[in-house]
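Tertiary structure, described
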Amino acid sequence: MAHRKTKGGATVSFRRYLFSTNHRVIGVQYLVLALVSVTIGTLLSLLMRIHLVWPDYIVPFHGPILPEDYLALVTIHGTIMLFFVLTTAPQSGFGNLILPSQIGARRMAFPVANAISFWLTATALLILLSSTFVPGGSAISGWTAYPPFSAIASAGPGQGFGMDMWLASIAVFAIAGTIGAINTLVTIIKLRCEGMTWDRIPLTVWGWFTAALLSVIAFSVLLAALLLLFCDRHAGTSFFVPTGDLVNGVIHAAGHPGNGSPLLWLHLFWFFGHPEVYIAILPGMGLTSMLLANFSRRRVFAYRMMIFTTLLIGFLGILLWGHHMFVAGLNPYAASAFAVSTMAIAIPASAKVLSWLVTVWRSRPRYTTAMLFSLGFVSLFITGGLTGPVLAQPILDEYLHNTFFVVAHFHLIMAMAGIFGLFAATYYWFPLMSGRFMSERLGRLHFWTTIVGAYATFLPMHLTGLMGEPRHYAQLIGVPNAAGHLLAGTLPLNRFITWSAIFLATAQLLFFANLIHSLYRGKIAPPNPWQATTLEWHPALHPNAPFETSDGRIVVYRQPCEYLATAGEELILPQWRSDGIPNIKPE
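Let me begin by describing the structure that accompanies this report. All values derive from a computational prediction rather than experimental measurement. Going along each chain's sequence as written, the residues are numbered from 1 onward. Predicted model: local features are reported for residues with pLDDT of at least 70 only, side-chain atom pairs are reported and counted for 80 or more only, and whole-chain, interface and lining totals are derived from all residues. The side-chain quantities take in all heavy atoms of the structure and omit both hydrogens and water.

Comments concerning the overall build of the chain
Across its full length, the chain carries 17 helices and eight strands. Taken over the C-alpha trace, the chain has a radius of gyration of 24 Å; the compact-globule value for 587 residues is 25 Å, and the two agree within 12%. Seen through its C-alpha atoms, the chain measures out along the principal axes to roughly 75 × 50 × 50 Å. Here the term buried applies to any residue with accessible area under 20% of the maximum for its type, exposed to any over 50%, and partly exposed to those in between, with areas from a 1.4 Å probe on protein chains only. Looking at the chain as a whole, 58% of its 587 residues are labelled buried. In this description, contact between two residues means that some pair of their heavy atoms is separated by no more than 4.5 Å. Of the contacts formed within the chain by residues at least 6 apart in sequence, a portion of 78% connects residues at least 24 apart. Helical segments are the DSSP runs of H or I of at least four residues, strand segments are the runs of E of at least two, and each set is numbered from the N terminus. We take the radius of gyration over the C-alpha atoms and set the globule estimate at 2.2 Å times the residue count to the 0.38 power.

Below is the structure:
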């Protein structure tokens, strides 16, 4: 059995490491889980793209991709990327790894619950992946699992045991996410060090805090919806299935006395689904603010406004789920209300973009790889966000809703922007995790190939969407009549998109190579390599801090990102440095 030495010289078994309650170990475990998930999710997306343009391609050890296989790929890809990558990595991975140190704490509030949350998440992933091998295969209802098909086991392939496993997986994930979110909230509220007032909390922590608030509310509703759907499938209820509904040649009535509505599921699901976008991206917004300021040696422009906009985005984000349902038969007045609230969220989002631009304006940034990925985050957030107001109009959404235009929109603003935030976090905090730098040369090459690949993949999808390409069609050729002519017209662009997606995925090999190489042979990093001002770089909170300093008192004297430039020299003022500040600001 593998062993490692601890700081005190004792040995601990690999099993003890595996089931550790140490927040840093759990953070790394979450990141490894997310890394495995993103690799699987990316490979599934490549299979989807390849099938769309080369439908006769035979997958080794599988055979041809049938329509139900394609829908299963769509479902598992979306579920893995949304839940196990974009939610898990920023909120649970880096949240565990960095959050306690950024507020001057030495642990999370509930260490045992923290470990339980991780293992529930890992169990949820295993259940989801195992569904591939059950009779009938994986669920094919998409990550949104719309009824009535998802509510009736006989609806088609993948709607039997595979759908039950999908429900079990997401239910377990929702429980884990709620436990983790409560832990995050209590940690931030109760374990802040002396002097860490609310207006001195780094914006990264505000991102984690707001995302945790949303998680508690959204995951609770999702869990209830999943239980209701399970009851419709196996307990004879009819929450989501109308009486007399004809599914797969069978009139749905026997054993289901009620007269349910699929619209109820849409309301419940999107009450979770829209805040989920902000759960995924708010930590990245916070980190982007901090990194732009740090590498530009500037204060964050309008720091308190940035705190307010983070909370406002979270508040509005939970109110506008209905804009996903414009084509579902909403009351026109309700559609107007959701359209207005959707447009309203552009105000705090624009304020954030303004702050980012002003923060770096006329500065002389250090273009490290972490800084480049932060700028990439801003670029993708703006580009993806520009199509948000278009989709917020009910009359425009009716045409675009089921097309690749929507796929392009959310992949740019949530998926790619979120991934760029994760890359920025990895390059920035890698010295804290390993004591070494990642290669800047490989990192820059990784950034440029990734951003070119991202735009080449997702920008043309706007065009195929405007041409009318539907989201869930398993093939573009062989379709009769006018629809076939329309789909065939998108083939040249779709071939370009597929080659771009292959290029984008291949570029990530640079990241893996850099990660492995730097872990063992990277340049040794000093204790505060980026001359940052936040507490995770405090000598007593550093993971490799000498034992005699690791119990030192932590006091905060100022906001983060304070720098002074005098006579050509710059003065870094970390939050723990008291020079010139005689008194700790009262809370």
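So much for the structure itself; the text now carries on.
Description of the packing of aromatic side chains
Pairing of aromatic rings covers Phe, Tyr and the six-membered ring of Trp, with a centre-to-centre limit of 6.5 Å; geometry is then stacked below 30 degrees between planes, edge-to-face above 60, and tilted otherwise. Under the definition given, this model contains 41 aromatic pairs. Here Trp-54 and Trp-499 contribute two aromatic rings whose centre-to-centre distance is 5.5 Å and whose plane-to-plane angle is 75°, an arrangement assigned as edge-to-face. Of this pair, Trp-54 sits in the loop between α2 (23-53) and β3 (58-59) while Trp-499 sits in helix α17 (residues 491-521); the two residues are 445 residues apart in sequence, bridging distant segments of the chain. Aromatic side chains Tyr-427 and Phe-511 sit 6.1 Å apart centroid to centroid with 70° between the ring planes, which places their arrangement in the edge-to-face category. Taken as a pair, Tyr-427 in helix α14 (residues 404-434) and Phe-511 in helix α17 lie far apart in primary sequence, 84 residues in all. Summarising the burial analysis for this pair, Tyr-427 and Phe-511 share the class buried. Site record: aromatic cluster; members linked through ring pairs are Phe-83, Phe-84, Trp-143, Phe-173, Phe-219, Phe-239, Phe-240, Trp-265, Phe-269, Trp-270 and Phe-272.

A word on the pattern of salt bridges
By salt bridge we mean one thing: a side-chain nitrogen of Lys or Arg within 4 Å of a carboxyl oxygen of Asp or Glu. Under the counting rule described, the total for this entry stands at five salt bridges. The salt bridge involving Arg-558 is made with Glu-562; its shortest N-O contact spans 3.4 Å.

Details of helix α4 (residues 111-130)
The span you would expect from a helix comes to 1.5 Å times its residue count less one. Taking 1.5 Å per residue as the helical rise, α4 with its 20 residues ought to reach 28 Å, and the 29 Å between its terminal C-alpha atoms agrees with that figure. Within α4, burial applies to Asn-114, Ala-115, Ser-117, Phe-118, Thr-121, Ala-122, Ala-124, Leu-125 and Leu-128. Where α4 is buried, its residues touch α2, α3 (67-102) and α5 (161-190).

Focus on the packing of α3 against α14
Interaxial angles span 0 to 180 degrees and are taken between N-to-C directions of axes, which are lines fitted to C-alpha atoms, for helices over the stretch in contact. At a closest axis distance of 11 Å, the pairing of α3 and α14 adopts a crossing angle of 35°. Here α3 runs over α14; the crossing is left-handed. In this structure, α3 uses His-77, Leu-82, Val-85, Leu-86, Ala-89, Pro-90, Phe-94, Leu-97, Ile-98 and Gln-102 to contact α14, whose residues at the interface are His-411, Met-414, Ala-415, Gly-418, Ile-419, Leu-422, Ala-425, Thr-426, Trp-429, Leu-432 and Met-433. Note on convention: near helix rotated counterclockwise from far helix by under a right angle means a left-handed crossing. Clockwise means right-handed.

A look at the environment of Gly-418
Assignment of secondary structure puts Gly-418 in helix α14. Each C-alpha atom of the pair Gly-418 and Phe-503 lies 19 Å from the other, and the pair is 85 residues apart in sequence.

Some points on helix α7 (residues 262-296)
A rise of 1.5 Å per residue sets the reference length of α7, with its 35 residues, at 51 Å; its end C-alpha atoms lie 51 Å apart and thus fit the reference within 8%. Axes are fitted to the seven residues ending at a residue and to the seven starting at it; the angle between these axes is taken as the bend at that residue. Helix geometry: α7 is bent most strongly at Ile-281, by close to 35°, with proline Pro-283 lying one to four residues after it. Polar contacts, as used here, are pairs of N or O atoms within 3.5 Å; protein pairs need one atom able to donate a hydrogen and one able to accept it. Residues neighboring in sequence count only if both atoms are side-chain atoms. The distance from a side-chain oxygen at the start of α7 to the backbone nitrogen of Leu-263 is 3.1 Å, and the residue carrying that oxygen is Ser-261.

Here we look at the side chain of Gln-159
Its place among the elements puts Gln-159 in the loop between α4 and α5. In terms of polar contacts, Gln-159 uses its side chain to reach the backbone carbonyl oxygen of Phe-149, at 3.0 Å. Setting aside residues up to four positions removed in sequence, Gln-159 forms contacts with Ala-139, Ile-140, Ser-141, Phe-149, Ser-150, Ile-152, Ala-153 and Arg-233.

Description of unusual backbone geometry
The omega torsion of the bond from Pro-147 to Pro-148 falls at 15°, within 30 degrees of zero and hence cis. Relative to the assigned elements, Pro-148 resides in the loop between α4 and α5. Its identity as a non-glycine residue notwithstanding, Arg-297 has a phi of 55°, on the positive side. Relative to the elements of secondary structure, Arg-297 occurs in the loop between α7 and α8 (303-317). Arg-297 sits in the buried class, given a relative accessible area of 14%.

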